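# A look at the structure
The chain contents come next:
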Amino acid sequence: MTRLLTILCLCILLASCKTETKDQNTAPETISEEKKELTVAEKIAQAHGFENWEKVNQIEFTFNVDRGENHFERRWSWQPKHNYVVSTVSMDSITMYTRDTILNPNYEKIDKGFINDKYWLLVPFQLVWDEGTTISDPVKEVAPISKTELNKIVLTYGNEGGYTPGDAYDIFYDNDYIIREWVFREGNKEEPSMTTTFENYEEFNGIKIAKDHKMADGNFNLYFSNIKIK
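Residues numbered from 1 in each chain as written. Predicted model: local features only at pLDDT ≥ 70, side-chain atom pairs only at ≥ 80, totals over all residues. Heavy atoms only, no water.

## Overview of the overall build of the protein chain
Helices and strands together make up the secondary structure of the protein chain, namely four helices and 13 strands. Across the 230 residues in the protein chain, those meeting the buried criterion constitute 46%. With an accessible surface of roughly 12,400 Å², the protein chain has 46% of that area assigned to carbon and sulfur atoms. (Helix = DSSP H or I, 4+ residues; strand = E, 2+ residues; numbered from the N terminus. Buried < 20%, exposed > 50% of the residue type's maximum accessible area, 1.4 Å probe, protein only. Areas by Shrake-Rupley, 256 points an atom, 1.4 Å probe, with all protein chains shown as cover.)

As structure tokens, this is what we get:
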């Protein structure tokens, strides 16, 4: 999965309802419910509006990176129920494809870009979507940019599958389970590869999106514009 490597190269998941229905001849009929404790990943996803995801038919967004005087952007339209993607880099570069049937190797580079950009947009949901991952128990730790104490989990990807296996993310979130910062560590190396904020949240049809991701030096901003969730 290419999520952050694309940027570096450019400049750079309830209630489980257990219903026991007794024999119809038994009176009275009783139904018992047990509420299953959500995992941290599920709580983070829910805090960002995951319960509204099933209603989403289409997402449009522009992925932007400003570093110094350099600007880069890609525009995407995605129909998640059909996994249909439209990529627009310029009027001369428009590509349409279905992710379930990527047979043409020419689409791989475009799809890597889509996976990277979608990951940044929907990180809270990726926590519950992605398979082959491990998520650490939460701890309290001082966040690297804000220097405030936040909750932290470490998301680690397995060494197989995806475009960039083995990567790790230190995810810092507040007591409301909203992500505030993260540290990307390529290949699960100890040293950070990239550290950014999650800020300027806006809600789109019940889904909360962090529109800005900035570095501490103020010279880098990865941001989203033209967001539409239908």
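Still more ground to cover, so stick around.
## Looking at empty space enclosed by the protein
In this structure, the largest cavity encloses a volume near 40 Å³. Secondary structure elements with two or more residues in the lining of the largest cavity: α3 (107–121), α4 (123–129) and β12 (207–214). Sorting elements by how many residues they give to the lining of the largest cavity places β12 first, with four residues. Classifying every residue of the lining of the largest cavity gives nine nonpolar, two polar and one charged. (1 Å grid on protein atoms, 1.4 Å probe; cavity = no way out; pocket = protein on both sides within 12 Å on 5 of 7 lines; lining within 4 Å. Points joined across faces, edges and corners; volume = space filled by probe spheres on them. Nonpolar A, V, L, I, M, F, W, Y, C, P; charged D, E, K, R; others polar.)

## Things to note about the nonpolar core
Counting residues in each nonpolar core, the largest one holds 45 residues, and the members touching the most others are Trp 53 and Ile 59. Ignoring any residue separated from it by four or fewer positions in sequence, one finds Ile 59 in contact with Trp 53, Trp 76, Ser 77, Trp 78, Leu 121, Leu 122, Lys 228 and Ile 229. (Core = buried A, V, L, I, M, F, W, Y, C linked by side-chain atoms within 4.5 Å. Contact = heavy atoms within 4.5 Å.)

## Considering the sheet that holds strand β1 (residues 59–67)
The strand order across the open sheet built from seven strands is β4-β3-β2-β1-β13-β12-β11, with neighbouring strands paired in antiparallel fashion. At either margin of the open sheet sits one strand with a lone partner, and together these are β4 (93–98) and β11 (199–204). Averaged over neighbouring strand pairs, the angle between their axes works out to 20 degrees when direction is ignored. Relative to strand β13 (residues 220–229), β1 is paired through eight bridges, and the arrangement is antiparallel. Paired with Ile 59 across the bridge in β13 is Ile 229. Packed onto the sheet, α3 meets β1, β2 (70–79), β3 (84–90), β4, β12 and β13 and runs at close to 90 degrees relative to β2. (Pairing = 2+ DSSP bridges. Axes fitted to C-alpha atoms, helices over the stretch in contact; angles between N-to-C directions.)

## Side note on unusual backbone geometry
Keep in mind that most residues, glycine aside, have a negative phi and that most peptide bonds are trans. One non-glycine residue with positive phi stands out, namely Asn 83, at about 55 degrees. Mapped onto the fold, Asn 83 is located in the loop between β2 and β3. For Asn 83, a relative accessible area of 15% gives the class buried. The backbone of Lys 147 shows a phi angle near 60 degrees, a positive value even though the residue is not glycine. For Lys 147, the location among the structural elements is in the loop between β6 (139–142) and β7 (149–157). With a relative accessible area of 59%, Lys 147 lands in the exposed category.

## Thoughts on α3
Over its 15 residues, α3 extends 21 Å from the first C-alpha to the last, a length consistent with the 21 Å expected when each residue adds 1.5 Å. Looking at α3, one finds that the buried residues are Asp 111, Gly 113, Phe 114, Ile 115, Asn 116, Asp 117, Lys 118, Tyr 119, Trp 120 and Leu 121. (Expected span 1.5 Å × (residues − 1).)

## Looking at the layout of surface pockets
In this structure, the second largest pocket spans a volume of roughly 180 Å³. Mapped by element, the contributors of at least two residues to the lining of the second largest pocket are α3 and α4. Looking at the lining of the second largest pocket, the element that brings in the most residues is α3, giving three residues.

## Notes on the pairing of β2
By the bridge criterion, nine bridges tie β1 to β2 in an arrangement that is antiparallel. Residue pairing for β2: Phe 61 is matched across the bridge by Trp 76. With antiparallel pairing between neighbouring strands as the criterion, β1 and β2 make up a hairpin whose turn holds two residues, including Gly 68 at a positive phi of roughly 65 degrees. The sheet contact formed by β2 and β3 spans five bridges and is antiparallel. Paired with Ser 77 across the two strands is Val 86, which belongs to β3. Here β2 folds back onto β3 in antiparallel fashion, the turn holding four residues, of which Asn 83 has a positive phi close to 55 degrees.

## Remarks on helix α2 (residues 40–47)
Along an α-helix, residues three or four positions apart point the same way, because every turn accommodates 3.6 residues. α2 sits mainly inside the fold: six of its eight residues count as buried. Regarding α2, the residues found buried are Val 40, Ala 41, Glu 42, Ile 44, Ala 45 and Ala 47. Each element contacted by the buried residues of α2 is listed here: α4, β5 (133–135), β7, β8 (168–173), β9 (179–185) and β12.

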